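Spelled out from the first residue to the last, the chains are:
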Protein chains: 2
Amino acid sequence: MGKLFIVGIGPGDGAFLTAQARLALERADILCGYTVYVDLIRPLYPDKPAYATPMLKEMDRCRWALEQAAGGRTVAMLCSGDAGVYGMAGPVLELSGKFPGAEIEVVPGVTAALSGGAVLGAPLMHDFCVISLSDLLTPWETIEKRLRCAVEGDFALCLYNPCSRRRSGHLKRACGILLESRGPETVCGWVRNIGREGQEHRILTLGELGLEQLDMFSTVFVGSSSTRQIGPWMVTPRGYGSGA
Amino acid sequence: MGKLFIVGIGPGDGAFLTAQARLALERADILCGYTVYVDLIRPLYPDKPAYATPMLKEMDRCRWALEQAAGGRTVAMLCSGDAGVYGMAGPVLELSGKFPGAEIEVVPGVTAALSGGAVLGAPLMHDFCVISLSDLLTPWETIEKRLRCAVEGDFALCLYNPCSRRRSGHLKRACGILLESRGPETVCGWVRNIGREGQEHRILTLGELGLEQLDMFSTVFVGSSSTRQIGPWMVTPRGYGSGA
């Protein structure tokens, strides 16, 4: 019987792979995924067959992988970060009922909220929200409403997909909404190319954030009212009362 | 010069360690952390010295680790799940200004929202909130407010620390608040002992969730209005329009 592993590979190359993910990749007869992710993992398994497809062909890739698994092959579908957080586990499982012969296992990975958070320090130490600013699959009104609710609840925020060529103004618009209720001095940060060549980051204020020129390889963090900059770090205290 | 690695080890034993985390553990002269986490990792490094302390001694442990690193040793402080999400990165970084000789690196790991999510399927495929129900360090009123804002924004929810001996009624109270605005048929799930012996999980409705007898080793997932059960899986669709 075949099996489909949906594998979160973490943000970059093999450094962020868990032992569980490595085991799944080793067991697979074939790797599949977006070309960039296949290329990141390729050096670990130079001889393993791979089926790489360009972006925006997600549903075709899911169907192909389920067909292969139903047909008896073991397939590892690669997701950047985690398999579940804006990953491929959702679309695969939505289709899975049509492929009853395909056994499926979701293998979690380190999503950008965690890997980017570690670069900045500990911005998500307390309750937080993760919101994607991409309106490809979500109406912008829903995104706006979620931003407002997140501020209202004084959550720390992690924003995925802050910008792309087609969405250059989204981060600025999001900052405008956050600034309606949160002060311009709120501690924020961003990380670019996490775990890859050219990784960079910056800690800045909410007032400054909207002016940044970021791209689709950036992850943005917005502090809660208690988030502070401590030396080079962005930290949301949990309330241990360290007196630091 | 010494160095302090704050390492997220994932939910269980070595299976969830990333390559980066393994490297940090290998470089360390000494491991430190809550006894249970040291015991989980111990089989990988049977001969490495370890400084294990009981729970609720967090600040002592942080100070000790920073002193060691400032004094020239390389220390790995173990955190369950991620180093940042309700982990030790926050308290360590809050104290770090007092130990300028200690170099610090935060090493991310797979937090229970991701590892538990993978067991259930893909409950956090779209925008989500993570909230701890522990009122040890947070006033219950803040927790209630965040639950209300999360429902208002139609986020999927992951709840940490749903219960403990001292907080047996918190999950039930939380469900009561969520039920003010979200229907009792909302798809929910929980996972217990993720990645450890005795792992178990259940998918159920929000109406049923408040009656469950869970413990501090459980992580709870509450769906958004679009979350569905698909076969054995809990899935929050992202909107790829799969037509499944």
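Residues numbered from 1 in each chain as written. Chains lettered and ligands numbered in written order. Predicted model: local features only at pLDDT ≥ 70, side-chain atom pairs only at ≥ 80, totals over all residues. Heavy atoms only, no water.

Looking at the overall build of chain A
- The secondary structure content of chain A amounts to eight helices and 13 strands.
- Taking 18 Å as the expected radius of gyration for a compact globule of 244 residues, we find that chain A reaches 19 Å, a close match to that expectation.
- Along the three orthogonal principal directions, the C-alpha set of chain A runs to about 55 × 35 × 30 Å.
- Split into buried and exposed, the 244 residues of chain A put 63% on the buried side.
- In chain A, 69% of the contacts between residues at least 6 apart in sequence involve partners at least 24 apart. (Helix = DSSP H or I, 4+ residues; strand = E, 2+ residues; numbered from the N terminus. Rg over C-alpha atoms; globule rule 2.2 N^0.38 Å. Buried < 20%, exposed > 50% of the residue type's maximum accessible area, 1.4 Å probe, protein only. Contact = heavy atoms within 4.5 Å.)

Examining the interface of chain A and chain B
- Each partner contributes to the interface: chain A provides 65 residues, whereas chain B provides 65 residues.
- Connecting chain A to chain B are six salt bridges.
- Arg146 of chain B serves as the salt-bridge partner of Asp127 of chain A, at 2.9 Å between the closest nitrogen and oxygen.
- Our count for the contact surface shared by chain A and chain B stands at 28 residue pairs in polar contact (both at pLDDT 80 or more).
- In terms of residue class, the side of chain A that touches chain B is built from 34 nonpolar, 19 polar and 12 charged.
- Of the strand pairs in this sheet, strand 7 (residues 128-132) of chain A and strand 7 (residues 128-132) of chain B are connected by three bridges, and their pairing is antiparallel. What sits directly across from Val130 of chain A, in strand 7 of chain B, is Phe128 of chain B. (Salt bridge = Lys/Arg side-chain N within 4 Å of Asp/Glu carboxyl O. Polar contact = N/O pair within 3.5 Å; in protein donor to acceptor, adjacent residues only side chain to side chain. Nonpolar A, V, L, I, M, F, W, Y, C, P; charged D, E, K, R; others polar. Pairing = 2+ DSSP bridges.)

Notes on the side chain of Ser134 of chain B
- Positionally, Ser134 of chain B belongs in the loop between strand 7 and helix 6 (140-152).
- From its side chain, Ser134 of chain B meets the backbone nitrogen of Leu136 of chain B in a polar contact 3.3 Å long.

A look at the confidence of the model for chain A
- When the pLDDT values of chain A are averaged, the result is 93; 96% of them are 70 or greater.
- With pTM at 0.96, the complex prediction returns an ipTM value of 0.96. (pLDDT = per-residue confidence, 0-100.)

So, the environment of Ala150 of chain A
Residues and elements named next belong to chain A.
- Relative to the helices and strands, Ala150 resides in helix 6 (residues 140-152).
- On the basis of relative accessible area, Ala150 is assigned to the buried category, the value being 0%.
- In this structure the C-alpha to C-alpha distance between Ala150 and Ser224, which are 74 residues apart in sequence, comes to 9.4 Å.
- Not counting residues up to four positions away in its chain, the partners in contact with Ala150 are Cys129, Ile131, Phe155, Leu157 and Arg182.

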